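Secondary and tertiary structure notes
Residue-level listing of the chains:
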Amino acid sequence: MVAQAIALALTAAAAQPALAQDAAEGELEEIVVTGFRASLEQSLSIKRDSAVAIDAILAEDIADFPDMNLAESLQRIPGVSIARDAGEGRQITVRGLGPQFTRVRINGMEALSTAGGTDATGGTNRSRSFDFNVFASELFSELAVRKTASAETEEGSLGATVDLRASRPFDFSGATFVTSVQGGYNDLNEEFDPRATMLMSNVFADGKLGALVSVAYTERKLSDDGASTVRWQTGGGSNNFGGLAPGYSSAATLADINEAYRPRIPRYDHYENEQERLGVTASLQFAPSDASEINFDVLYSKLDGKRYEMFLQAPVFSASGGSGIGNVDVREAEIQVKNGKKQLVYGVFDDVDIRSEQRYDELTTEFKQFTLEGKHDFGDGFKVHGLVGTSKSEHDNPVQTTLLFDALDVDGYTYDYRGGNSRLPYINYGTTDVTAASTWKLSQIRLRPQTADNSFDTGEVNVSYDFTDRMAIKGGLQIKKYEFETTELRRSNGTTSNQEAVIPGSVAGIPVGDYATIAQLSGLGAPNGTTLRWLVPDVRYAGGLLGLYDESLFPLGAEPSLGNNQAVKEDDTGFYLQFDFGFDIGSVPFRGNVGARYVQTDLTSTGYTYVGNQAVKITANHDYDSTLPSFNIVAELSEDLLLRASAARVMTRPILGNLAPSTTISVSGNNRTVTAGNPALEPFEADAYDLSAEWYFAEEAMLSLALFYKDIGSFISTTRDTRPFTGNPYGLPDELAIAACGNVAGCSPDADWIFSVPLNTPGGDLKGLEVSYQQPFSFLPGFASNFGMLLNYTRVESEVDYVDALGATVISTDLVGLSQNAWNATLYYEDDRFSTRLSGAYRDEYLTTVPGRNGADVEGTAETFNLDFSATWTFNDNLQFTFEALNLTDEFQDQWVDSSLDALSYYHHTGRQYYLGLRYKY
């Protein structure tokens, strides 16, 4: 990787960390990076010298850890856990606070990049959560996670501020050229993938002018296979089975069966992903004198993807009425009782409607950022620093096309989730030949192109005056403009009526066998006899044959998906005043800062709501202000022992999707939802306290313990209620549900709908501890002295009240995204020729939806453990050979429903990834 090659190429280069707040935390001494252990020592120096709690990863760390992207690099930092999508890290959680509570700055200014995922991983990102998979880790030389706040660090983080910095020419002593090439192999889809990087840098005019450019490129193909259910639900009313089949002899009664939870859509899934990632950085630096420096940085990244999703399923278990579950008869059934809840884990059924589905997506995220930064020392302790910048992330999903084949009244359909089949069930389709074209009929055509764009324009000026070497006053002004806009189109006749089940006659007459292919699953370990081969629509071929993108045949409009057509604009003005101090009490030096930040936010949000039965576009305005005091102090109890304490008021702005003044009524297959926004939401706020001790007991070594507590006084909960549309408490007439249903079978105002509304709620508390240990084993004799270890462990607990639409507490439990236990461990070896890293990352299960849907108390994701390995052999001063092995445990992503049932929602794996390469430096 480029970053590692740079560090190895420049064994005498003076690294100059330029974390965005280094002026605030004291100038870092010049440190020479000569290897992995030296880069670890430099990271410790940043931590040790800072007035705030911070953990950093520098160039060689990023390169030497076996990481696909920035999220996977960041998970090595204590307290950081990641969520994966398509086999690689996408978003991070810091000390139990999810990605929406983490703010990211790139080259000193706030930015936001978003991408698109599968429905199981949230689909198109319309939140404030940063998608790190847009960027290759090789583009950056420094990552830092700031876990406590100071007045000079702008607001927006309830959890942490992540700083990313790309390489700059003054980081190196002269002309530099580095390139690397790797070939990748995945053992699940057996594909070979290329990966390449390059960096060129030079310094001119006696070191006063420098220029740098770097490029990173990756291609990746993978399969993503498993089983899913799209949740579980009970019967009742129109959701009851039709009856018991003749000869039924199982013990469970029909009443028991209808009362039990059943899988909504039992199915097996096969995904195919194709991905290209291109990243480019460029930097110019000019230092006309020792007192002045100007930096101009450019960052460009583009993530292109194609994804195919294929399912063989029985959606009838979630369809209500006589055309749905009411037509299904039960031949055999077995019910298990778990903590008082009944679960229909096995059944044989007649008259089951089944479905074959393929979805095809084309996705692009393009990120651009330009920053101009300057600083000047006027002498006598007076300094000025300024920054202007702009960034834009444009996510485009121009093709999201789904074709559905249906077959009706299948007899002898069987599913079995008993015992060891709870995650990979036995599913069989009786005597029906699911590979035969004659079995299937085209039932739905879904066209859903989408976009999500985010942009920041930032300007700031900061001044500081040093009274003495240990006393300074600082202040600054920041003006920031943020804009978010998202769109979605669907098939439309100009109204909100769902058109996806309307098949034009010219299309219906084309035999399905003319645009179908065979899907095949293997290597999953599913029970013998499970149907894993079936005929599936071939969307890419069908596009031309059926004229799917001819808008005269399939017109598109926003009307059926108004909730995903919205915009938010925020104008933020903030200023701060901070006093940095240092003094001695006896023989103990103290240092730190105290200050406050004030910010005013003016919000404009646009969306759609209903006036009578008509959708009307409206705009809402809201403003709020926050005063955020902070205090940090460090006591140097001895030369090697530090004690830290901090207290601060912190805030995070509301989730974007919650701010639109809209009411959205949506039907997607058998999912029926009503979602309302709330543009008057106030931000999340918390009082945060930290206490930590750091013992630097040997060279390059540290043992630390941190205790942290957050009193979340203002929280935002999404109330969720499942009820028939008819008689809803929001005054929405049944005509709106009828229009949203269109011709979708089993959909009506009498069916169950999920109503979701965000509200400000009191919140709760979060507390935890963090232990970190780092040491080279240089005290051991001979060969063993080249080993070293990094260990960290985080324990977090929280209790937040989640409420219903009337404000009554429904459940008190953990924050969404919080893993109570998480740890990382790395064992490394390094000598003059050979180095290896073995890294493991574990996180406990965590909640994803509270309250749960369809009667579940909660929904969550099971624990994960990922093991990665890398090795480097230095052939000579110019050439290295590298090997990386990622996800050696072939970890499954395991999402579950209900804390009592622990029922399957989604269970997928992507295989092991290997890279073999070489690196050349000059």
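A short tour of the structure in this document, coming up. (Residues numbered from 1 in each chain as written. Predicted model: local features only at pLDDT ≥ 70, side-chain atom pairs only at ≥ 80, totals over all residues. Heavy atoms only, no water.)

Topic: the sheet that holds strand E6 (residues 102-106)
Pairing in this open sheet of five strands is mixed, and the strands run E3-E8-E9-E6-E7 from one edge to the other. At either margin of the open sheet sits one strand with a lone partner, and together these are strand E3 (54-58) and strand E7 (109-110). Two elements, E6 and strand E9 (residues 160-166), share five bridges in a ladder whose sense is parallel. Along E9, the bridge assignment pairs Val 104 with Val 162. (Pairing = 2+ DSSP bridges. Helix = DSSP H or I, 4+ residues; strand = E, 2+ residues; numbered from the N terminus.)

Some points on the nonpolar core
Judged by nonpolar contacts, the single largest core of 65 residues is most densely connected at Leu 74, Ile 92, Ile 106, Phe 135 and Phe 140. Apart from residues lying up to four places away in sequence, Ile 106 is in contact with Ala 111, Phe 130, Phe 135, Phe 140, Leu 164, Leu 299, Phe 367 and Gln 369. Counting residues in hydrophobic clusters, the runner-up holds 64 residues, among them Val 330, Leu 403, Ile 445 and Leu 548. (Core = buried A, V, L, I, M, F, W, Y, C linked by side-chain atoms within 4.5 Å. Buried < 20%, exposed > 50% of the residue type's maximum accessible area, 1.4 Å probe, protein only. Contact = heavy atoms within 4.5 Å.)

Observations concerning the side chain of Arg 490
Within the element layout of this structure, Arg 490 appears in strand E27 (residues 490-491). Its relative accessible area of 9% is what places Arg 490 among the buried residues. Side-chain polar atoms of Arg 490 contact the side chain of Glu 488, separated by 2.7 Å. (Polar contact = N/O pair within 3.5 Å; in protein donor to acceptor, adjacent residues only side chain to side chain.)

Remarks on the packing of aromatic side chains
Here the structure, examined in full by the defined rule, presents 47 aromatic pairs. Their ring planes at 85 degrees and their centres at 5.1 Å tell us that Tyr 465 and Phe 467 sit as a pair that is edge-to-face. Measuring from ring centre to ring centre gives 5.6 Å for Phe 575 and Tyr 598, while their planes differ by 40 degrees; the resulting arrangement is tilted. Pair noted here: Phe 575 is in strand E31 (residues 566-585) and Tyr 598 is in strand E32 (residues 588-611), with a separation of 23 residues, a long-range link. With relative accessibility at 46%, the residue Phe 575 sits in the partly exposed group. Linked through ring pairs, Trp 232, Phe 241, Phe 317, Phe 349, Tyr 413, Tyr 415, Tyr 417 and Tyr 429 together constitute an aromatic cluster. Its guanidinium or amino end placed over the ring of Tyr 696, Arg 48 lies 4.5 Å from that ring's centre, counting from NZ or CZ. Directly above the aromatic system of Tyr 346 lies the positively charged group of Arg 418, at a separation of 4.0 Å from the ring centroid. (Phe/Tyr/Trp six-rings, centres within 6.5 Å; stacked < 30°, edge-to-face > 60°. Lys NZ or Arg CZ within 6 Å of the ring centre and 35° of its normal.)

So, the pattern of salt bridges
Throughout the structure, instances matching the rule amount to 61 salt bridges. Measuring nitrogen to oxygen at the nearest pair gives 3.8 Å for the salt bridge that ties Glu 155 to Lys 480. Of this pair, Glu 155 sits in the loop between strand E8 (140-146) and E9 while Lys 480 sits in strand E26 (residues 472-488), placing them 325 residues apart in sequence. When its relative accessible area of 2% is taken as the criterion, Lys 480 is described as buried. Within this structure, Arg 103, Arg 105, Glu 110, Arg 146, Glu 154, Glu 155, Asp 163, Lys 480, Asp 572, Arg 597 and Arg 653 form a network of salt bridges that share partners. (Salt bridge = Lys/Arg side-chain N within 4 Å of Asp/Glu carboxyl O.)

Some details on the environment of Ala 216
Turning to its location among the elements, Ala 216 is positioned in strand E12 (residues 209-228). A sequence separation of 167 residues divides Ala 216 from Lys 383, and the C-alpha atoms of the two residues are 36 Å apart.

Any functional reading would require information that these geometric values do not contain.
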